[in-house]
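Next come the chains, spelled out residue by residue.
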Amino acid sequence: MKTRLSAAGATLLALLVTVLAFGQPAHAAAGFSVAGGKLYDANGSEFIMRGVNHAHTWYPQQTSSFADVKALGANTVRVVLSSGDRWTRNTNADVANVISLCKANRLICVLEVHDTTGYGEQSGAITLDRAVDYWLSLADVLAGQERYVIVNIGNEPYGNQNYASWATDSANAIKRLRAGGLTHTIMVDAPNWGQDWSFTMRDNAASVFAADPARNTVFSIHMYGVFDTAAEISDYLGRFRAAGLPIVVGEFGFNHSDGNPDEDAILAYSQANGIGWLGWSWSGNGGGVEYLDLATNFNPASLTDWGRRLFNGVNGIRQTAREASVFGGTPPPTTPPPTTPPPTNGGCTATYTVTNQWQGGFQGEVRVTAGARAITGWTAGWTFANGQRITQSWNVALTSSGTTVTARNTDYNGRLAAGASASFGFLGSWTGTNSPPAVSCTAS
């Protein structure tokens, strides 16, 4: 989060990646895994992060924040930790408690070490190798939490100087973590204070991904003033999508000291293309960037303008977040119970839920679940009996003809393992009655 520097002279190389080489993880993971540029949870359901960053290491007493962000709809929280090199070390017991708070509130935990921030430019910042030492010291706490925890090796690990070794250092850090027994999905941040204006991460992501013997690494770009146009946002994220490499927006704001990021474009492009994001940050910002607080004084009833935009606005958390399926209890049965109609065409079932309703309007969700075998696509349909109309939808290709609605999977949520689910949502209008319709489902 430093002043933007010119990228003049940076080589604009295309990502030369053989997508098929990254199509499947090297071995089955006990928790999250990566395949085809997408993140999947332990049940094999695609998971798209919709959440916030929380500065736990500086505000360890604010443990209610986990429940508060969950109540506002988040499905993920990125938790700031310290290795003890620049700030007070988060102990094994404290990290174990953070994980338990995430799980209790049905949030996926992205744990990050903040002491690496701006290495090579920021005095006192530590290397990625030193961050790995911290993660290995937490091995007993992290073991068995692969279903709920993603390990973000180090926050913004290089500043705007001496970042040429990012690819080598990131690859070596990943290999050390794997050799040390960590099987979690790993997240790596970009250099240049996370914003990668030099395109160092963009042009070397393929080699770093290949260095992970588990093929279970996700890349994280931080979008502040460098990303102030929709064209820059779509170009950067689109190159990762085209290369079949997983990318998330690990931090972003609506304004910053180095420029005015286009948060609307970040949200819209991410929603249209199944890309996860985590807004910065819940509360407690200082040093002149207090405007990045989503909530005033950690109070969920006092959201800032930024907080209202991120949680309640178009393409925000309330509209688009879907809880990880690992919190849904036991996996769906392979055969329907007696009270449920059997899936047609041997493929899928769908359930319709009104998740919120107000005078004249409502929000709905449909969950599609594959049957006893994997499917490659699905189509759900229903007919409204009371004149309802859909005005907006997400995570679906949806068409309406009168009262009849047809909903088809997008390119990122059609493939479902046996028993796995995908959800889509919509906003609608109603008058008089808003009865849920019966929904059919056909798989391909």
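Structural data are supplied above this passage.
Criteria and thresholds
- Residues numbered from 1 in each chain as written.
- Predicted model: local features only at pLDDT ≥ 70, side-chain atom pairs only at ≥ 80, totals over all residues.
- Heavy atoms only, no water.
- Core = buried A, V, L, I, M, F, W, Y, C linked by side-chain atoms within 4.5 Å.
- Buried < 20%, exposed > 50% of the residue type's maximum accessible area, 1.4 Å probe, protein only.
- Helix = DSSP H or I, 4+ residues; strand = E, 2+ residues; numbered from the N terminus.
- Expected span 1.5 Å × (residues − 1).
- Contact = heavy atoms within 4.5 Å.
- Pairing = 2+ DSSP bridges.
- Right-handed = clockwise from strand over helix to strand, strands pointing away.
- Axes fitted to C-alpha atoms, helices over the stretch in contact; angles between N-to-C directions.

A. Geometry of the nonpolar core. Ranked by internal contacts, the top residues of the largest apolar core, which has 97 residues, are L111, W135, I153, F219, I221, L237 and W282. If you look at the next biggest cluster of nonpolar residues, it comprises 26 residues, including I375, A420, W430 and V439.

B. Quick look at helix α6 (residues 200-211). With 12 residues, α6 should cover 16 Å at 1.5 Å per step; its first-to-last C-alpha distance of 16 Å lies within 8% of that length. All buried positions along α6 are accounted for by T200, M201, R202, A205, A206, V208, F209 and A211. Residues of α6 that are buried sit in contact with β1 (33-35), α5 (166-179), β7 (186-189), β8 (217-223), α7 (230-243) and β9 (247-252).

C. Broad picture of the pairing of β7. The alternating pattern of β7 places I186 and V188 on one face and M187 and D189 on the opposite face, and all of these are buried. Inspection of the sheet shows strand β6 (residues 149-152) paired to β7 by 2 bridges, in the parallel sense. If you follow V151 over to β7, its bridge partner there is I186. Chirality of the crossover, the property in question, places the unit of β6, α5 and β7 among those that are right-handed. Note: β7 against β8, 4 bridges, orientation parallel.

D. Spotlight on the sheet that holds strand β13 (residues 378-383). In space, the 4 strands of this open sheet follow the order β15-β16-β13-β18, with antiparallel pairing throughout. Bordering the open sheet on either side are β15 (397-401) and β18 (440-443), each of which pairs with just one other strand. Each neighbouring strand pair of the sheet contributes to a mean axis angle of 15°, computed without reference to strand direction.

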